[in-house]
Each structure stands twice: as C-alpha cells, then as structure tokens.
Amino acid sequence: MVKHWIDELAEQIYQKLLERKKEVYVFNGGLSVSGLQHVGRLRGEIILPETIRRILEKKGLKIKQYITLYTQDAWKGKKGQLNAFPDPKEAEKYKGWPLIKLPDPYGCHKNWVDHFWSDFGPYIKEFTDGKIELITTTELYRGKLKEFTKITFEKREEVRRVINKYRGRKPYPEGWIPFEPICSKCGRIDSTEATEIVDNEHVRYECKNCGNKDTTEISEGKLNWRIEWVGIWWSLDVDFEPYGKDHATPGGSRDSCVDLAVNVYGFNPPEGTPYEWVSMRTKDKQVLDMSSSGFLGFTPKDWLEVAHPHIYRFLVLKTPPMKKLVVSLYEIPQYYSQYFKAERIYYGLEKAKNEEEVILKRSYELSYPHGGPPADPPEQVPYTHIAILSQILPREKWSSEALKRLKMSGHLPEKPTEYGVKRIMEMMEKAYTWVQKYGGDNYKVELLPEPTPEILNEISDENKEILRKMREELEKITEWTEENTKNAMINATRDLDPAKRKKLYEDFYKLFLGKPYGPRAAPLLALLGREEALKYLSKI
C-alpha cells in the first residue's frame, strides 16, 4: 500500500508527540517580513504544519498553531528593499532599523511590516482552515521572550560556550552579552553592542554606527538570532516546527539551537522537518528562487486573482518537502489539468496507473482548505474553455448565459452539481483576469462584429472553398458539442498537408478575431454556439 509522504511524516510526528504527554501540542512556523511576502512562504511554515495538524486532530490530538513574525530583525537595506521607497538614496538612513520601526514606503500602512504583510496575512485563511494564530517577536519581547532574555543573561557563559562550538573562526569573547539593543539615537539594532547588564530589566550599550552610549530596557532590542529562535520555542512551548533547508545542514543553525535548548535551557526542542524553497517560472521560462528581500515572486493575493487556493495546496502537497517546487502564474491552465486528473482518480472516474497517481489522489483530498471534497464528483470544464467563455460573453451575462453555453457544448449535464456550478462561476472571474495579465495573445478573444472586406479578399480561393466545406459540415451537426464541431472541422480539412492546414486556420482565425491565431478552434466554436459560429463562416 502506497502511503503519501505527508501521512508518513504525520505518523512519525504523532508517535513523537505522544511521548511528550501534553494536553495541547503547539505547532509553529516563522517568517521575517523583510519585503515581498511571496506565495512560496506558504509552503513550509503554513500549509505543511497546518495539514499535519488537521491529520493529527483527526487522531484525537489537541493542537494550537502559530505563525511567528520576526519583526525585531534588522532591515538590511538591500537593493530591492531600497527600491521600494520613492527615494532609495534617502531610504539608506533606515538601514539596520528593526523592521517594525521602519515606515511604510507607500505611506498607506502604519509601518513596513503592516504594508507587506497585507498581501499575505489576510489570505492565509483562504489557503488553510484559518485556525492559525499570529504573533510577533515584538510582542513576545514584552512578555515571554523578555523572561527568556533574563534567563539568558544568567546563563550567558554556558550559551557562549555552546554557540562557539558552531562558530569556528570567530568565537565570542568572555563576557559577551548576547543582546542587540535598539540605538536611541540612530535607530539601528544591527550596530549596537551590549556592554553591561545594569539589572535584569536594563542593559548599557554602545552604538558602533553613531557612537551613542545609553541604557535601554530589554524589550527595546533582541537576542542574538540563534538564541532568539530557541527563545521562541521556549516562549510558545513549541512541539513541531518545519525549517528551511538552509538550517538543515549537519552542524548548522538548527543543530546549534537544539544543543542550546537541551544543554543550556534544559527543555525538549520541537520536532521538525526541513523543506526546500519554492521557485517561480517567468514568462520566458526562467526559473528563479523567490526572495522576500529581493522582491522576487508573487503573493497569495496574486495567486487568488487567477486560481483557487486548492490548486496551490495541491501542488505543495503532491511535492515532497525537500523536492524543489516551481510555480508560475503563466501556467495556471496546466495546474488545473493536473488537479482535474487527480480529482478523477479520487472519485474513481480514472484508474491510478502508478504510485505517483495514488499520491495525486491523497493530495487532492487534502487540497481543500476547509473541510473535504464534496460527496459527488464536480463537473470539470478546462480552464482555457472558461477563459474563452469569459471573453465571448459580456460580464453581465456570465451568471445567466455561461451555464447554458456549457450545457449546449456538452461540458455540463442538464442538472450540474451545486459545487461544480460554484467552481465554474469562480473560475470565470479568475480565468478572465488570467487572460488579461498572463495568458498572452493566443488566449485573447475579441470577436469582430463581422469579417471585414479586406480579410475576405486576403483569403485564397482554395481556402475559401475549404471554409465553405467546413461550414457545410458544421451545419450537419444535430448536437452542437465540442466533440461534434471538432469532428466536422477534421472532416473538412483531412486532405490538407500540415503547411496548408496551418495557413487555412490562420484564415479561419482572421474571420472571427481579425488575427491569424487564437485559442483552440473547436472549443471556440462550441462555446460561441451554432448561430454565432455559422454567421462568420457564412460570409465566405
């Protein structure tokens, strides 16, 4: 019996959690809002733990899930970050500031974090069941992380010895205070050095950037990043947290944090699993790693404009976490095709031919952000067909006319399912947006009122004859379905060699669209309807 990788992982975590004997277990994911909150960030820190949580909740476990935003991190002022501001040169003054203190470059939100979180945070509930609590390190430093900082000050020599095992050439000296205060003069958090612990609430520091010397409360700063990570585990009592592949190397950052948790702070670190980054494929087929601070990628908001959240969840869940996942807004129709195949396998309408297709079935089942699949198989209409329909019908006729056309063309039965209808109507809006933004000219349908005399004059006598024959074949059709229109067109063009057939279809598209290309001809005619389709061909 083939087991989905996420079920295997969930079972391993389940056994480990039972050993902890807790009433409520805690899952966490961590993100730094350093810039663009791209869709790739949903993979490891949100969808992966959320799906495992839902599987384990069905086994009877009580689980609380957090997403922690690292808002005290220093703003690095990389090129992409600087370019977010109207005046990048002037924005250099913010280098080293905590992210939460940085102004919103666009002036519409309270700060940098709020602005860039706005295209991500509100959409998490669309991609998940929504039972995820948001917390920031800024908040934690006023509570549990403040407490953890005091413990760290008491244990700082032990902390230093453990961290130095992993630092190699640059060990921290004796007396090192692992705390980074925010400078009261220049605002930086990355250029200060704590020089003295005044009491368990205050430290004295010196700023290497502006020379300022001052005393500050420990809520106005942050711990060294490794210790802070351990501090979040301790503060939230985390039992499971995935981590990016950069932390996964033997002797790397996660190993050092586990060492600190066990041997300095004396608690059990969370179970974890590494995951690979998500990349994007551009219009010209380049594959690039998405980057928050590099402002490379697209957001969950961008995705939802053109596709259902189920489709993204499906892509994440069918791809093992350490395998590279590449997504593209230009390839949305292909993703729907893959999803529909998995749907057919799930409902037994298509047989799984191999292990990979069995994985598709479970990935489909888990792709629903809320609840599970409907009882009956929903109707499937190809995304590109919906894209055509959304353009040939005026928007005000979408709700009344779209279903009629799809029934007529054979894509929908007389009594479709409620879920199938809902999905189609949502796809109309998404596919229309996709054509305008990413689909390219081939998918754009702007019907001519009728073929112009110039277009008619350009068509050779030979092609006019074949197009007339095509019209005659189409007129014989009793049921105007896509299959029947396709067969009629094949009958009319079966004697043509590839070069002549290509030229004929260029003329065909000119009749309807005024350009020598367009979406696939059979769906176009089927969705146009008999009367409208024959109207253009009758002009020959």
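Because the structure is a prediction, the values reported are computed rather than measured.

Peer 1: Hey, could you run me through the packing of aromatic side chains in this one?
Peer 2: The description of two aromatic rings rests on the distance between their centres and on the angle between their planes. As enumerated under the stated definition, the model contains 38 aromatic pairs in all. Here tryptophan 112 and phenylalanine 295 contribute two aromatic rings whose centre-to-centre distance is 6.2 Å and whose plane-to-plane angle is 85°, an arrangement assigned as edge-to-face. In this pair, tryptophan 112 sits in helix α5 (residues 112–117) while phenylalanine 295 sits in the loop between β12 (287–289) and α12 (300–306), placing the two residues 183 residues apart along the sequence. Owing to a relative accessible area of 25%, phenylalanine 295 belongs among the partly exposed residues under this scheme. Ring centres 4.9 Å apart and planes at 45° place the aromatic pair phenylalanine 508 and phenylalanine 512 in the tilted group. On the criterion of helical spacing, the pair formed by phenylalanine 508 and phenylalanine 512 is a turn pair, its members being 4 residues apart in helix α22 (residues 498–513). Take phenylalanine 508 and phenylalanine 512: they sit in the same class, and that class is buried. Three or more aromatic residues joined by ring pairs form one cluster here, namely Trp75, Phe85, Tyr94, Trp97, Tyr106, Trp112, Phe116 and Phe295. Here the guanidinium or amino end of arginine 167 rests over the ring plane of tyrosine 172, the centre of that ring lying 4.0 Å away. Here the basic side chain of arginine 395 rests over the ring of tyrosine 432, its NZ or CZ set 5.4 Å away from the ring centre.

Peer 1: Explain empty space enclosed by the protein to me, please; I cannot follow it from the model alone.
Peer 2: Rolled over the atoms, a probe sized like a water molecule indicates the empty space that remains. Applying the stated criterion across every chain, the model contains 1 cavity of 30 Å³ or more. The space that makes up the largest cavity amounts to roughly 30 Å³. As for the largest cavity, its lining consists of Trp5, Arg43, Gly44, Leu48, Tyr275, Val316, Thr319 and Pro321. Sorting elements by how many residues they give to the lining of the largest cavity places helix α2 (residues 41–58) first, with 3 residues. When grouped by side-chain class, the residues that make up the lining of the largest cavity number 5 nonpolar, 2 polar and 1 charged.

Peer 1: Could you clarify how one ought to interpret the nonpolar core in this entry?
Peer 2: Proteins that are soluble and globular tend to have nonpolar side chains buried together. Core analysis: the largest hydrophobic core is formed by 104 residues, its most contacted members being Trp303, Tyr312, Val327, Ile332 and Phe508. Among residues more than four places away in sequence, those in contact with phenylalanine 508 are Leu467, Met470, Met489, Ala521 and Leu525. Phe148, Phe153, Val159 and Val230 belong to the second-largest nonpolar core, a separate cluster that totals 34 residues.

So, how was this worked out
Residues numbered from 1 in each chain as written. Predicted model: local features only at pLDDT ≥ 70, side-chain atom pairs only at ≥ 80, totals over all residues. Heavy atoms only, no water. Phe/Tyr/Trp six-rings, centres within 6.5 Å; stacked < 30°, edge-to-face > 60°. Helix = DSSP H or I, 4+ residues; strand = E, 2+ residues; numbered from the N terminus. Buried < 20%, exposed > 50% of the residue type's maximum accessible area, 1.4 Å probe, protein only. Lys NZ or Arg CZ within 6 Å of the ring centre and 35° of its normal. 1 Å grid on protein atoms, 1.4 Å probe; cavity = no way out; pocket = protein on both sides within 12 Å on 5 of 7 lines; lining within 4 Å. Points joined across faces, edges and corners; volume = space filled by probe spheres on them. Nonpolar A, V, L, I, M, F, W, Y, C, P; charged D, E, K, R; others polar. Core = buried A, V, L, I, M, F, W, Y, C linked by side-chain atoms within 4.5 Å. Contact = heavy atoms within 4.5 Å.

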